[in-house]
Amino acid sequence: MAHTEFDIIERYFRRPAAPGRMPAVGVGDDCALIDLSSSSRWAVTTDTLAEAVHFHPGTDPERLGHKVLAVSLSDLAAMGATPAYATLALTLPRVDERWLGAFSRGFFALAALFGVTLIGGDTTQGPRTLTATLMGELPAGKGLMRSGARPGDRIFVSGTLGDAAGALADLEGAGGAPPWPLRLRLERPEPRVALGQAILDLATSAIDLSDGLAQDLEHVLGASGVGATVRVDRVPLSEALRTHIPYPKRLALALSGGDDYELCFTAPADRREQVFKCGHRCGVPVTEIGFISDQAGLRLLDSAERPFPLSRSGYEHFSHET
Ligand code: ADP
Ligand code: MG
């Protein structure tokens, strides 16, 4: 039986390419890559936000417009691609002009920021579900993939992790309204597009963090056929998360909470300084959190190099069904 979204994709949707339609990268990375000419290739990605799954009913529609584009921009960032065109599929329970006005404002404000043109989509009635498909451009032969990590590479992450999950824990639990800095990270993620482009010739692999560092890094390890050691005390946490959520819960949120939309990438140890310079140039903090080895699996160690226990590695759709 297919147990998770990943089982479903593997069992039912990973199929051989049609004759003459072999993509440079197909199912299994943050974007598909398609070579259309000898000078450029296209990166394509689709993401859905479903009400009550990805956002609470009543979420600020302007922020939803921002987020539905931001999560796809984040996948383009993970490939190092330059955003170009989008399509937008909306399923809405009713016509609500205020909602539509605010949603489209949020969407187009972010689209303008990244030079994205909306070229089509679909509009239907039903439970609120928002889907954006994004196309971006890369130079021929280029593109960051999940499969390039090599033993000895260092592991880096951008920004801080666990903030969005901290906000969600409040909204879903007894915490009440989350502090603004955490809430903004949940509802208004900032895709790391400039950083992705900056590390294009530097990083050996990359993924964007949408389902939790531990789980998403495991995708990189699986695709690259390597293992990793991460020092959990080096995982960057925001001041807001540190003051709002006690240890070790904040660390668990940073390791297995979703919705970070930061980049996790690997680069050879001797390119470390260049990596930090890229972060500096893009105005995004970059932190080294561990290293790649040839011993399979992900090892999480605390500051005393003892194994750090983690009950859940990340978010998986369908994994909660019995
Ligand atoms: P991401 O979190 O980066 O958006 P996912 O973990 O959702 O990626 O998906 C993993 C891979 O499976 C991606 O390459 C995605 O394009 C692909 N994928 C997801 N659902 C389907 C589907 N129904 N059919 C084909 N490919 C899919
Ligand atoms: Mg992704």
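Before reading on, note that the structure itself is shown above.
Described in the following lines is the structure provided in the data block. Bear in mind the structure is a predicted one, so any value in this text is a computation, not a measurement. (Residues numbered from 1 in each chain as written. Chains lettered and ligands numbered in written order. Predicted model: local features only at pLDDT ≥ 70, side-chain atom pairs only at ≥ 80, totals over all residues. Heavy atoms only, no water.)

A few points about the overall build of the protein chain
In step 1: Scanning the protein chain for helices and strands turns up ten helices and eleven strands.
In step 2: At 19 Å, the protein chain has a C-alpha radius of gyration in line with the 20 Å of a compact globule built from 322 residues.
In step 3: Within the protein chain, the proportion of its 322 residues that are buried is 48%.
In step 4: Considering only contacts in the protein chain between residues 6 or more positions apart, those separated by 24 or more positions represent 83%. (Helix = DSSP H or I, 4+ residues; strand = E, 2+ residues; numbered from the N terminus. Rg over C-alpha atoms; globule rule 2.2 N^0.38 Å. Buried < 20%, exposed > 50% of the residue type's maximum accessible area, 1.4 Å probe, protein only. Contact = heavy atoms within 4.5 Å.)

Focus: the coordination of the magnesium ion (ligand 2)
Coordination angles at a metal have ideal targets, namely 109.5 degrees for four tetrahedral donors and 90 or 180 degrees for six octahedral donors.
In step 1: Taken together, the protein donors to the magnesium ion (ligand 2) comprise Asp30 (OD), Asp75 (OD) and Asp208 (OD), at separations of 1.9 to 2.1 Å.
In step 2: Counting the intervening residues between successive donors of the magnesium ion (ligand 2) yields the motif D-x44-D-x132-D. One end of the pair, Asp30, is in the loop between α1 (5-13) and β1 (32-35); the other, Asp208, is in strand β7 (residues 205-208), and 178 residues separate them in sequence. The same class applies to Asp30 and to Asp208, which are both buried. (Donors = N, O, S within 2.8 Å, 3.2 Å for Na, K, Ca; no water.)

What to know about the sheet that holds strand β5 (residues 129-139)
In step 1: Read from one edge of the open sheet, five strands run β1-β2-β5-β3-β4, paired in mixed fashion. One side of each edge strand has no neighbouring strand; the edge strands of this open sheet are β1 and β4 (117-125). Within the sheet, the average angular offset between the axes of one strand and its neighbour, ignoring direction, is 20°.
In step 2: One ladder, built from eleven bridges, connects strand β2 (residues 40-50) with β5; its direction is antiparallel. In the strand pairing of β5, Arg41 is matched with Leu138.
In step 3: Across the sheet, helix α2 (residues 61-79) touches β1, β2, β3 (82-92) and β5, and the angle it forms with β5 is around 30°.
In step 4: Against the sheet, helix α3 (residues 97-114) contacts β3, β4 and β5, and its axis sits at roughly 170° relative to β3. (Pairing = 2+ DSSP bridges. Axes fitted to C-alpha atoms, helices over the stretch in contact; angles between N-to-C directions.)

Honestly, that's just the spatial picture; any functional story needs more than this.
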